[in-house]
Amino acid sequence: FPSTTLFRSEGTKSGGLVHIADGAIIGRFCLVGAQSGIAGGVTIGDFVVINGPAGVAENAVIGDGASVAKGGTVSIDLAAGARFDGAPEPSGSGQ
């Protein structure tokens, strides 16, 4: 089985009932909201906020400082600083 790196470094926190699958990497100083799911092979940069409940699909990459709105399901890669509100395309200047 691939290993899971829950927290590469200090400062990352998660709420209750969060599922993080094998092979996921979560950066420093991230917040993962309650009832969120992170699939295998996902890479999350530093200072990312995932407002729960939300989901991140297999092998997605979320850049540093990006944020995911409550109820969002990320199935595409997000650039650094992007804001994802659950719509088909990310919104904001981080595209």
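Up top you'll find the structure we're talking about.
Each value, and the rule that gives it
Residues numbered from 1 in each chain as written. Predicted model: local features only at pLDDT ≥ 70, side-chain atom pairs only at ≥ 80, totals over all residues. Heavy atoms only, no water. Helix = DSSP H or I, 4+ residues; strand = E, 2+ residues; numbered from the N terminus. Buried < 20%, exposed > 50% of the residue type's maximum accessible area, 1.4 Å probe, protein only. Contact = heavy atoms within 4.5 Å. Areas by Shrake-Rupley, 256 points an atom, 1.4 Å probe, with all protein chains shown as cover. Pairing = 2+ DSSP bridges.

S.K.: Please clarify how the overall build of the chain should be interpreted in this entry.
M.R.: Helix and strand counts for the chain stand at 0 helices and 12 strands. Ordered by position in the sequence, the α and β elements of the chain form the string β-β-β-β-β-β-β-β-β-β-β-β. For the chain, with 95 residues in total, the buried portion stands at 36%. When contacts within the chain are restricted to residue pairs at least 6 apart in sequence, those whose partners lie at least 24 apart make up 1%. Summing over all exposed atoms, the chain offers an accessible surface of approximately 4900 Å²; the carbon and sulfur share of this is 54%.

S.K.: Is there a simple way to think about the sheet that holds strand S4 (residues 31–32) in this case?
M.R.: Think of a sheet as strands paired side by side through backbone hydrogen bonds, with each pair either parallel or antiparallel. Taken together, 5 strands build an open sheet; the order of strands is S1-S4-S7-S10-S12 and the sheet is parallel. Each end of this open sheet is capped by a strand with a single partner; those strands are strand S1 (13–14) and strand S12 (83–84). Pairing between strand S10 (residues 67–68) and S12: 2 bridges, direction parallel. In the sheet register, Ser67 faces S12, and the bridge partner there is Arg83.

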